[in-house]
Amino acid sequence: MGGILTRQVEGSAEAGQWASGNQIERDLILTDADFSRIRELIYQRAGIVLAEHKREMVYSRLAKRLRHHGMTHFAAYLSRLERQPDAKEWEAFTNALTTNLTAFFREAHHFPLLADHVRAKQEPVKIWCAAASTGEEPCSLAMTLLETLGPRAEQARITATDIDTDALSKARAGIYPQEQVRKLDEVRVKRFFQKGAGRHEGLARVRPEVSALIEYMPLNLLAPQWPVKGPFDAIFCRNIMIYFDKTTQAKILERFAPLMKPDGLLFAGHSENFSYISDAFKLRGQTVYTLAKK
């Protein structure tokens, strides 16, 4: 989460639905009780709060998992999950219900601010991108560092994490549709991307000097231990907190605070406001926070 490759909701036919007059018939059985169990399970696993109106989305995304296992009832699928708390299927379950919406230089006003923040740094810059999704955001951070720091950027490190392991696999590949890359200015496209040819026609790959700054790893923000090591000059945690309730948001913010340098910056999404959730941070600018106590 955090980013925006819009995962398109599958069409009705793919999701196993057929229109019959005004009635939608399904080949898989999802009861009200099943939906309530799914909401509870994904909340326990990932802190994600699924609203009531997400039922169609849940059906569409989990239907593939049921068919993969040759199952027709969500109840049976969920019972199998609950009987095997360490099963690999939990990863697929979580991936299916995670929304990945991202873009290069999304919320563009954050990147000049980051550049100003790190420009005079003498020590190697460290950034945590806590919702890396399919890689567009950490790549944007890397490009900003390369443009700002020049050769000194080689010492910088971006830790990019996400709970969705499928999204991280795409991020590590660093290959994107050229249509998506063309939305960047021409200078950046030429400097930071390699144009695909032959069987890669229509694709673009980020150049190695961009990827070299980024380390991808899975991370569940609800996990008792985080495999990241601060202190960070900046933490980007954008457009993911909106999926958590206020209690969970407050716990995460309290854990961010000791991982930041005294002058570190916390970047939030455009629809997120942490001012009334935690005393650890204070607002510095538009959706940007700094530590309240240094």
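Quick caveat, the model's predicted, so the values are computed rather than measured.

## Quick notes on the sheet that holds strand S6 (residues 193-195)
Spatial ordering of the open sheet is given by S5-S7-S6, a layout of three strands whose pairing is antiparallel. At either end of the open sheet lies a strand with only one pairing partner, and these are strand S5 (175-177) and S6. Across the sheet, the mean angle from the axis of one strand to that of its neighbour is 35°, orientation sign disregarded. Relative to strand S7 (residues 203-206), S6 runs antiparallel, the two being bridged by three bridges. Paired with lysine 195 across the two strands is alanine 204, which belongs to S7.

## With respect to helix H7 (residues 165-173)
Turning to H7, its buried residues are Thr165, Ala167, Leu168 and Ala171. For H7, the arc enclosing every buried residue in end-on projection is 150°, short of the 170-degree limit, so these residues lie on one face. Structurally, H7 contributes buried residues whose contacts are with helix H4 (89-97), strand S4 (157-162), S5 and strand S8 (214-218). Backbone geometry just after H7 places glycine 174 at a positive phi near 65°.

## Observations regarding the confidence of the model for the chain
For the chain, per-residue confidence averages 90 on the pLDDT scale, and 91% of positions sit at 70 or higher. Counting contacts from residues 1-25, a segment whose pLDDT is below 50, to residues more than four positions away or on other chains yields 70 contacts.

## Let's talk about the pattern of salt bridges
For the coordinates displayed, the defined rule picks out 15 salt bridges. Among the salt bridges present, the one from lysine 121 reaches aspartate 263, with a minimum N-O distance of 2.8 Å. With a gap of 142 residues between them, lysine 121 in the loop between helix H5 (110-118) and strand S3 (126-129) and aspartate 263 in strand S10 (residues 260-267) connect regions that are remote in the sequence. With relative accessibility at 9%, the residue lysine 121 sits in the buried group. Of the charged contacts in the structure, one is a salt bridge between glutamate 147 and arginine 188, with a shortest N-O distance of 2.7 Å. You can see glutamate 147 sitting in helix H6 (residues 136-149) and its partner arginine 188 sitting in helix H9 (residues 186-192), a full 41 residues away along the chain. For glutamate 147, a relative accessible area of 33% corresponds to the partly exposed category.

Cut-off values and rules
- Residues numbered from 1 in each chain as written.
- Predicted model: local features only at pLDDT ≥ 70, side-chain atom pairs only at ≥ 80, totals over all residues.
- Heavy atoms only, no water.
- Pairing = 2+ DSSP bridges.
- Helix = DSSP H or I, 4+ residues; strand = E, 2+ residues; numbered from the N terminus.
- Axes fitted to C-alpha atoms, helices over the stretch in contact; angles between N-to-C directions.
- Buried < 20%, exposed > 50% of the residue type's maximum accessible area, 1.4 Å probe, protein only.
- Arc of directions from axis to C-beta.
- Contact = heavy atoms within 4.5 Å.
- pLDDT = per-residue confidence, 0-100.
- Salt bridge = Lys/Arg side-chain N within 4 Å of Asp/Glu carboxyl O.

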